[in-house]
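Structure assessment
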Amino acid sequence: MITSEELLARVRDLLAAHPPGESDRTDFLRARFDAGLAWVHYPEGLGGLGAPRSLQAVVDAELEAAGAPGNDPRRIGIGLGMAAPTILAYGTAEQKHRFLRPLWVGEEVWCQLFSEPGAGSDLAALATRAVREEDSGDWIVDGQKVWTSSAHTARWAILIARTDPALPKHRGITYFLCDMHAPGVEVRPLRQITGEAEFNEVFLTGVRIPDAHRLGAVGQGWEVARTTLMNERVSIGGMRIPREGGMIGPVSAVWRERPELRTHALHQRLLELWVEAEVARLTGERLRQQLAAGQPGPEGSGMKLTFARLNQEISGLEVELLGAEGLLYEDWTMRRPEIVDFTGRDAGYRYLRAKGNSIEGGTSEVLLNIVAERVLGLPAEPRDDKDTAWKDLAR
Amino acid sequence: MTDETERTTPMASHAPFDLLYSETEEELRSAVRALLADRCDAASVLARAETDRPYDPELWSTLAGGIGAAGLLVPEKLGGQGASHREAAVVLEELGRAVAPAPYLTSAVLATEILLGCDTTSAEVAGLLAQVAAGARVCVPAVPLTLAPGAPLPSGVRDAGGGVLTGSAGPVADAVAADVLLVLADTGLYAVPAAAVTLVRAVPLDLTRPLATVELDGATGTRLGDPATARAAVAGALLSGAGLLASEQLGIAQWCLTETVAHVRARHQFNRPVGSFQALKHRLARLWLDVASARAAARAAADALATGSPDAPLTVAVAQAYCSGVAVRAAEECVQLHGGIGMTWEHPAHLYLKRAKADALALGSAGHHRTLVADFAELPSP
């Protein structure tokens, strides 16, 4: 097993061969990937060294201290957090070598073509069809996807589509890597209640995907997609925040700076929410300590539920606290933010954007079912859709 | 740590708390749990709850002396175990989980902390502390159970001169179990033998923690500290007590959740386990989330107290403001989701509901602790 000293020696070699001040950013990032210092827990030859994941922090700190350029992970979050671990787990050697380096470097942005207008919480009911063309062996894809972040900047997509409608819904799905520049891919902005369009609708009309871009076996798509979705939940719940980090910070600051806005009723609500936000912070901290100690607890399933509710209640309180100013909204102009910051704009924006927190990445209702069944061991509701051919399900 | 005037800035970044349980703490938990399973099952708690003395003397002697739980907060050189609030918190979790009638919070936490806040080099303080730490004597502060950190201290007892005390205090928890009472009078803190006072028993909402008014009519006490020392010692003890009460509340909530989940899995109506209905699953999933959060809050308070963190007053106030409500909600859900059986005397759910509701008043209500949060976090009232 590689030690942190050996890793630091590699970092020094990289910095010597590519001095950050003199190297092109992309060249530097490619060299970093090739040196196995991109994500050290990945295998050798794929940007890593098979080292413990915890050693990544050693590399990152050393490179940051040397002023080395980073790969701007927030811009390529879907690729790093969802596409990469799935390709690593299910990709062929050829797919891993073709896709992982430009993904990590940020030369190729990824997006996720999963949700559909008719398949939200019930994702496995998706209707986008992929039909194998006999002569070429290529797949021809038709359908519509929705809530796609980065679709307008993405070069590639992870895509799930139905390849056998005669099978029950979980078994007739196949997972593909889709070229977003291919003919028949149309991306339209999807404007939200905030006025912005963070997301897109993606229309797929006769899109041709070579069989070499299938990830996993035909019909294995649901299993592959679960790997992607597990990584999504980890990345949504896992951020460390300081005291008064998140939504409670701005409203507390307004309370301190604007005594004329204070009322007794708002004071009680503010204190209740301040306490809950602090307890949520401690709960997240406890979860991280459990992970670090190698005793992962089930609390992770719940953190997103807590933050969604708190973000909504706190931002709602902030609009009320502002009084007449709460009647105003900064700007309804349709914009296409590349990076979404939930707390970045005014109180009205925070209030509206937070409505999505209990919907995106698994609705709170579905997450409560997951907690009830997987953590508490309560029985599932009786279902009649699991063993029925997809084509015979009500839509 | 116990200075009432100390303030923490809300943004100050102190070392992160250790929010996990150590191996030693888990071993202590197992020992206490095994003892309680053996001597403190629900049926025997219920049977004793209607008698004058709900306590089981054998349980106390094994818990306090045998396991050494009474001396966890006391340094070894003073006759204790030299452990900390973290370990005492684990004991309280288990006592809450078993809704055990034992004068632990009053004697092993509150009175012990008051004695530790006095001059422990004096023979009177050290002698009493050693006996309390060994579990040989039960010592209870003669202050109302509702007395909260940061609230004005009671002044109902006067010294007629030479430690001859007159007045009353109450409702005092566990006074009926006490060998010695710690009495706060105008001239300082006094140890008064239980035999020298009159106890007027009340009918408590929580049958597992008896209440009485302590009446002193010329009782003679031994002075343990001057008024300033006494007030600081009591204030420090109230902070510790409030912080550790959060762990008792966590234990209550955990039992209620576990018991309710087991019930809805087994109970069938409409040809299915009632726990398969989404309306119930969502309620229990939310309750689980509350309990997981209460665990983080209670652990933070215990660790802050154990390490003497400058963050302790805020962290204790946060834990109390949060955990009181969780314990009550868990007990109320337990009663409701058990259906009819949850309303009976026979089922132990009511013992937990009564303890949870009484605990929500003990050592300051959630509302009182929120006002402390307002103070510490600099979020002033209008």
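Throughout this document, residue positions are counted from 1 along each chain, in the order its sequence is written. Each chain is given a letter, starting from A, and each ligand a number, starting from 1, according to the order in which they appear as written. Local features are withheld for residues below a pLDDT of 70 in this predicted model, meaning they are given only at 70 or higher, and side-chain atom pairs are given and counted only at 80 or more; totals for whole chains, interfaces and linings count all residues.

1. Some remarks on the overall build of chain A
For chain A, the helix and strand inventory stands at eleven helices and eight strands. Each radius of gyration reported is based on C-alpha atoms, and the globular scaling rule is 2.2 Å times the count of residues to the power 0.38. Its C-alpha atoms give chain A a radius of gyration of 23 Å, near enough to 21 Å, the size a compact globule of 395 residues would have. Seen through its C-alpha atoms, chain A measures out along the principal axes to roughly 75 × 60 × 45 Å. For the exposure call, what matters is how many other C-beta atoms sit within 10 Å of a residue's own: 20 or more marks it buried, 12 or fewer exposed, and in between partly exposed, using C-beta atoms placed from the backbone. Going through the 395 residues of chain A one by one, you find that 38% of them count as buried. Our contact criterion uses C-beta atoms placed from the backbone: two residues qualify when those atoms are within 7 Å. By sequence separation, contacts in chain A at least 24 residues apart represent 70% of the contacts at least 6 residues apart. Only DSSP runs of H or I covering at least 4 residues are called helices, and only runs of E covering at least 2 are called strands; the numbering of each starts at the N terminus.

2. Side note on the environment of L337 of chain B
All names here are of chain B. Summarising the element assignment, L337 is placed in helix 9 (residues 312-337). Judged by C-beta crowding, with 22 C-beta atoms within 10 Å, L337 ranks as buried. Between the alpha carbons of L337 and R39 there is a distance of 28 Å; along the sequence they are 298 residues apart. With sequence-adjacent residues up to four places away left out, L337 is seen in contact with T260, H263, V264 and L280.

3. Here we look at the packing of helix 7 (residues 248-257) of chain A against helix 8 (residues 264-292) of chain A
Residue and element names in this part refer to chain A. At a minimum axis separation of 11 Å, helix 7 and helix 8 run at an interaxial angle of 145 degrees. As helix 7 packs across helix 8, the resulting crossing turns out to be left-handed. For the pair helix 7 and helix 8, the contacting residues are I248, V251, S252 and W255 in the first and L270, L273, W274 and A277 in the second. Each residue belonging to the contact of helix 7 with helix 8 can be placed in one class, and the counts come to seven nonpolar, one polar and no charged. Structural elements are reduced to axes, namely lines fitted to C-alpha atoms, with helices fitted over the stretch in contact, and the angle between N-to-C directions of any two is expressed from 0 to 180 degrees. Helix crossings get a hand from a simple test, with the near helix turned counterclockwise from the far one by less than a right angle marking a left-handed crossing and a clockwise turn marking a right-handed one. Side-chain classes are defined by residue name, with Ala, Val, Leu, Ile, Met, Phe, Trp, Tyr, Cys and Pro counting as nonpolar, Asp, Glu, Lys and Arg as charged, and the others, Gly among them, as polar.

4. Observations concerning the domain arrangement of chain A
An automatic or database domain assignment supplies the start and end points of every domain. In terms of domain boundaries, chain A breaks down into domain 1 (1-70), domain 2 (72-218) and domain 3 (238-362). Computed from C-alpha coordinates alone, the two centres of domain 1 of chain A and domain 3 of chain A are separated by 35 Å.

5. Digging into the sheet that holds strand 7 (residues 211-220) of chain B
Residues and elements named next belong to chain B. Here the rule is simple: two strands pair whenever DSSP picks up at least two bridges between them. Strand order across the open sheet formed by four strands is 2-3-7-6, with antiparallel pairing between neighbours. Bordering the open sheet on either side are strand 2 (157-159) and strand 6 (198-201), each of which pairs with just one other strand. Neighbouring strand axes in the sheet, compared pairwise and without regard to direction, differ in orientation by 15 degrees on average. Where strand 3 (residues 164-173) and strand 7 come together, eight bridges link them in antiparallel fashion. Within strand 7, the position partnered with V164 by the bridge is T220.

6. Side note on helix 1 (residues 23-39) of chain B
All names here are of chain B. Taking 1.5 Å of rise per residue, 17 residues should cover 24 Å, and helix 1 covers 24 Å from first to last C-alpha, within 8% of that figure. Buried within helix 1 we find L28, V32, L35 and L36. All buried residues of helix 1 fall inside an arc of 95 degrees around its axis, so they share one side. Opposite the packed face of helix 1, turned more than 90 degrees from it, sit the exposed residues E23, E26, E27, S30, A34, A37 and D38. In this structure, the buried side of helix 1 is in contact with helix 3 (57-66) and helix 4 (85-97). A helix is expected to reach a length of 1.5 Å times the quantity of its residues less one. Starting at the helix axis, one direction is taken to each C-beta atom, and the arc is that of these directions.

7. Notes on the sheet that holds strand 1 (residues 139-141) of chain B
Residues and elements named next belong to chain B. Read from one edge of the open sheet, four strands run 1-4-5-8, paired in mixed fashion. The open sheet is flanked by strand 1 and strand 8 (222-225), the only strands paired with a single partner. Between one strand axis and the next, the sheet turns by 30 degrees as a mean value, whatever way the strands run. The pairing of strand 1 with strand 4 (residues 180-185) spans three bridges and is parallel. From the neighbouring strand, C139 faces strand 4, where its bridge partner is V180. Along the sheet face, helix 5 (residues 104-116) touches strand 1 and strand 4 and points at about 70 degrees away from the line of strand 1.

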